[in-house]
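# Architecture and fold: a report
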Amino acid sequence: MTTLQPPNPLDDRLTFPPFPEAPPGVTIIPFKDFKERGIQMFPTENDGIERDGLGIPTVELRVRHDTDTCKTEGKRKRKELPFKITSGVPGVRKEWWEIWEENEESKRTGPYNPNVAVVDRLYEAAADFRKTRIWPHGPTGIAATWDQFRLFVGLLSNTPVWTRTDKPPQEEEEDDDDEAEFAEETMIAAQTERGPKRPPPRTRVRPPYALYDVEPSHVANEDEVKVLLNNENARREVQMVEFVENPELQLRIFLSSYIRKQGLIWTDRNLINIPRLVDFFIRFLIRNRVFPEHEHERLLKRSMAIVQLAQKELILTSKIAKQIPDEFSKACFEFFGRKSEGYKPIDPIVEAENLLGKKETADDAPDGAPEAKRLKVDVNSKTDDGDLTAGDKFEEELKAANVEVIKVDQDVLIQEAEQVQIVKDNVNPDMDTSPAWAEEEGWGSTTDKADLWAMPAVDWEPVVKSSLFALLGPTALPITHTSGVVECSVRRVKSYTMPPAPATLPKSAVTDEEDADAVDIELERRFAKVVLAPWPDWDRFSDEMPHLAQPRILETSLGPIRGVVGTDGQVEPATGATEAPAGGPQPHDPFTDDIVLLVEPALLSMLSAGIGLGGTWVQIARSQDFGGEKKKKKKSKSKKTSTRYWYIDELVLTLPSYHI
């Protein structure tokens, strides 16, 4: 039996001497013959690269030290900021997310201890996320957006505001003045002091608007202040735990209702930057396994679907709001009139009647006057206060407001009016009665001298209103159709289709009478169709717009409704079946029925299935639906009612499909 001897551990090591032979063509200079060449003072190649005496570029150390300074006047080529690098198109600067994406996969940090609380791991990962990338400056607003996201998640705190009741207010004001004076002196000293320039301090993060005008908490000692701060820290921890436990829900809230309430949706730049920034952060958490637990990792990957939807749909909400209503809806608006609850002028007579409560009865009206009530106000009439007239009461109110009242004798006014009338009756209106001095140098001068104080003439362009004739040509739509049901609600895009090929549409028979079917065929031929489905529970979490929370039928509506319409337009769902009028359309149910919207085909590129649209929808009903003259037709075996199309009277809200 043979025994195996363990190998000598020194056999695998390289020991010198002997030294290995140099490769062919390579000459190794002994250290005794090496001569230092130094750094070139003025490099022959003007490429901005620091070179040694032999022309070989120097190598920058991976870890930079404080003593690593250039020994000559040769300047090393500075590393350009990545945001100045041009993209493939000449003259176009790369966007910040394109720069980040180039080396994003190499940004790995950690490892993160899974035994540490998820709150601490999230906080540490957020700090690493910020330190491992170059943040763009200027008008991009990426840093401010990141701060808003940290406020929402709980990574930043909203410092509570309190008032000390154990200190007099003047003492606090003196302290504030001293602190402000000390801060001003420190700033002046820092500006005048010689030394390296420091970057300006970061601006303070704007708190959520919900915290504005909040009454300060009253505290009596330092212990109560600590209680306030501890409560804020506890609230932050709850927010961070909620984000880790359900990131999909939290991102849906942040990328929809939260940024809307914080006013971050009114700039297209934010609609592009915010979802991209969140995308980088979520991928950073997944790539570095900040939460290696299977359930947490699965939820993070699932939330990426919401982020990708936001990158697509948030900017579409802005584009849609700028293009809708389209020309067809505007033309219908001009023809049928406003149906939405816009700003309506108030009749001044009715308003005065409501204020004064003085109305003229029909018996007091002169002969031949309409039966409508008119306002009758007498300044000399007695008021309810006693012997004071309406004029005296008004004068007292002016005096109470320190307004000087100048009285004019009515007899003088009457005499002046009589004199003016006498002049008018005895002067020829065609005669020029202007004196000579007025023509030469007076206020009424008509010389050719330019008036330096005159307002320049403005050539206003005429207002061009949309017209059905420009879109449809000579059409019978104003005769065969009218406005029907008017619904104010939030709906979501269910589907949309381009206009069909002309050969697939039926041809209407040639006739001298106006045919509603022929008008509908022409509408289908020219416009795209967008099917909108009800979205009655879109606002159940945010309570953002109560007047749009549930569908409403406006007072300008015509046509049958399935349900009971209240005085405020709210519809109570019907419990039983609602019978349709004979020969008319089916009653409209705003909770279950889809509507088919007619839009210009160019708008379909801005739409996406699921996007929410809130506004006023008007049905293009047929005149025969409301007792108009019906055209006799041959009986058909099919009892299917033709589709009633809709147009947009007013669009007030656009939402992404994941809104919550």
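Our structure is the block above this text.
Notes on the structure follow. This one's a predicted model, so the numbers in the text were calculated from it and none came from an experiment.

### Describing the packing of aromatic side chains
Taken as a whole and assessed by the stated rule, the structure comprises 22 aromatic pairs. Considering the side-chain rings of W100 and F280, the 5.3 Å spacing of their centres and the 80° angle between planes classify their relative orientation as edge-to-face. Taken together, the residues W100 in helix α1 (residues 96-102) and F280 in helix α7 (residues 268-287) connect sequence positions 180 residues apart. According to the relative accessible area criterion, W100 is buried, its value standing at 3%. The interplanar angle of 70° and the centroid separation of 5.7 Å between the aromatic rings of F149 and F281 together place this pair among those described as edge-to-face. Here the residue F149 occupies a position in helix α3 (residues 142-153), and F281 occupies one in helix α7, the gap between them amounting to 132 residues. By the burial criterion, F149 is buried, and F281 matches it. Above the plane of the ring of W135 lies R130, whose end atom (NZ or CZ) is 4.9 Å from the centre. In this arrangement the basic side chain of R276 is found over the ring face of W97, its NZ or CZ atom lying 4.2 Å from the centre.

### Some details on helix α5 (residues 222-245)
Along its 24 residues, α5 runs 35 Å from first to last C-alpha, staying within 8% of the 34 Å computed at 1.5 Å per residue. Its side-chain oxygen at 3.2 Å from the backbone nitrogen of D223, N221 defines the N-terminal cap of α5.

### Considering the pattern of salt bridges
In the structure shown here, the tally under the stated rule is 24 salt bridges. Between R298 and E295 there is a salt bridge, with its nearest N and O atoms 2.5 Å apart. Residue R298 and its partner E295 are located together in helix α8 (residues 294-323), separated by three residues, close to a single helical turn. When its relative accessible area of 36% is taken as the criterion, R298 is described as partly exposed. One salt bridge in this structure joins R526 and E522, with 2.6 Å as the shortest N-O distance. Placement of the pair is R526 and E522 together in helix α16 (residues 516-526), with a separation of four residues, close to one helical turn. Assessed through its relative accessible area of 37%, R526 is described here as partly exposed.

### Digging into the packing of α3 against helix α6 (residues 247-261)
Pairs of packed helices are described in terms of their axes, by the angle between the two and the distance that separates them. Put simply, α3 and α6 touch, their axes get as near as 11 Å, and they point 125° apart. By the angle between their directions, the pair α3 and α6 is classed as oblique. Note on packing geometry: the crossing formed by α3 with α6 is right-handed. Packed against α3, whose contacting residues are Q148, F149, L151 and F152, the element α6 presents Q250, L251, I253, F254 and Y258 at the interface. When the residues that make up the contact of α3 with α6 are grouped by side-chain class, the tally is seven nonpolar, two polar and no charged.

### Observations regarding the pairing of strand β9 (residues 612-622)
For β9, the buried fraction is high: 11 of the 11 residues fall into the buried class. Taken together, the 10 bridges between strand β3 (residues 481-497) and β9 define a ladder with antiparallel strand orientation. Across the sheet, residue S489 finds its bridge partner in β9, namely G615. As paired strands, β9 and strand β10 (residues 645-655) are joined by eight bridges and run antiparallel to one another. Pairing of W617 across the sheet is with I648, part of β10.

### Looking at empty space enclosed by the protein
Inspection of the entire model under this criterion finds one cavity of 30 Å³ or more. Volume-wise, the largest cavity comes out at about 30 Å³. Lining of the largest cavity is provided by G559, P560, P585, Q619, A621, D625, F626 and R644. Tallied by class, residues from the lining of the largest cavity come to four nonpolar, two polar and two charged.

### A look at the nonpolar core
Within the largest apolar cluster, 49 residues are counted, with the highest numbers of intra-cluster contacts made by L122, F243, F281, I282 and L285. For this core, the leading source of residues is α7, giving 10 residues. Among residues more than four places away in sequence, those in contact with F243 are L122, F149, V153, Q250, L251, F281, I282 and L285.

### Quick notes on the environment of W100
Along the backbone, W100 and W135 are 35 residues apart, and their C-alpha atoms lie at a distance of 9.2 Å. Of note is the side chain of W100, whose polar atom sits 2.9 Å from the backbone oxygen of I134.

What counts, and where the lines are drawn
The numbers attached to residues start from 1 for each chain and follow its sequence in the written order. Since the coordinates come from a predicted model, pLDDT governs what is reported: local features require at least 70, and pairs of side-chain atoms require 80 or more to be given and counted, while whole-chain, interface and lining totals use all residues. Each side-chain value is derived from all of the structure's non-hydrogen atoms; neither hydrogens nor water enter the calculation. Here the aromatic set is Phe, Tyr and Trp, taking the six-membered ring for Trp, and pairing holds for ring centres within 6.5 Å; pairs whose planes are under 30 degrees apart are stacked, those over 60 apart are edge-to-face, and all others are tilted. A run of H or I in DSSP counts as a helix once it spans at least four residues, and a run of E counts as a strand once it spans at least two, with each numbered from the N terminus. We call a residue buried when its accessible area falls under 20% of the maximum for its residue type, exposed when it is over 50%, and partly exposed in between, using a 1.4 Å probe and counting protein chains only. Geometrically, a lysine NZ or arginine CZ counts as sitting over a ring once it is within 6 Å of the ring centre and also within 35 degrees of the ring normal. Here, expected helix span is obtained from the residue count minus one, scaled by 1.5 Å. Nitrogen and oxygen atoms within 3.5 Å of one another constitute a polar contact, given that in protein one can donate a hydrogen and the other can accept it, and given that sequence-neighbouring residues count only through two side-chain atoms. One side-chain nitrogen of Lys or Arg within 4 Å of one carboxyl oxygen of Asp or Glu is enough to make a salt bridge. Interaxial angle, 0 to 180 degrees, is taken between N-to-C directions of lines fitted to C-alpha atoms, where a helix line uses only the stretch in contact. Comment on the angle field: the value is read as roughly parallel under 35 degrees, roughly antiparallel over 145, roughly perpendicular from 65 to 115, and oblique elsewhere. In this scheme the crossing of two helices becomes right-handed for a clockwise turn of the near helix relative to the far one and left-handed for an anticlockwise turn of less than a right angle. Between two residues, a contact is recorded if the distance between any of their heavy atoms is within 4.5 Å. Amino acids are sorted into nonpolar (Ala, Val, Leu, Ile, Met, Phe, Trp, Tyr, Cys and Pro), charged (Asp, Glu, Lys and Arg) and polar (every other residue, Gly among them). Here a strand pair is declared whenever DSSP counts at least two bridges between the two strands. A cavity here means a set of points on a 1 Å grid, drawn over the protein atoms and nothing else, where a 1.4 Å probe fits but cannot get out; a pocket is an open set with protein on both sides within 12 Å along at least five of seven lines, and a residue lines either one if it has an atom within 4 Å of a point. Grid points are joined across faces, edges and corners, and a volume is the space filled by probe spheres set on the points. Side-chain atoms within 4.5 Å link the members of a nonpolar core, which is a set of buried Ala, Val, Leu, Ile, Met, Phe, Trp, Tyr and Cys residues.

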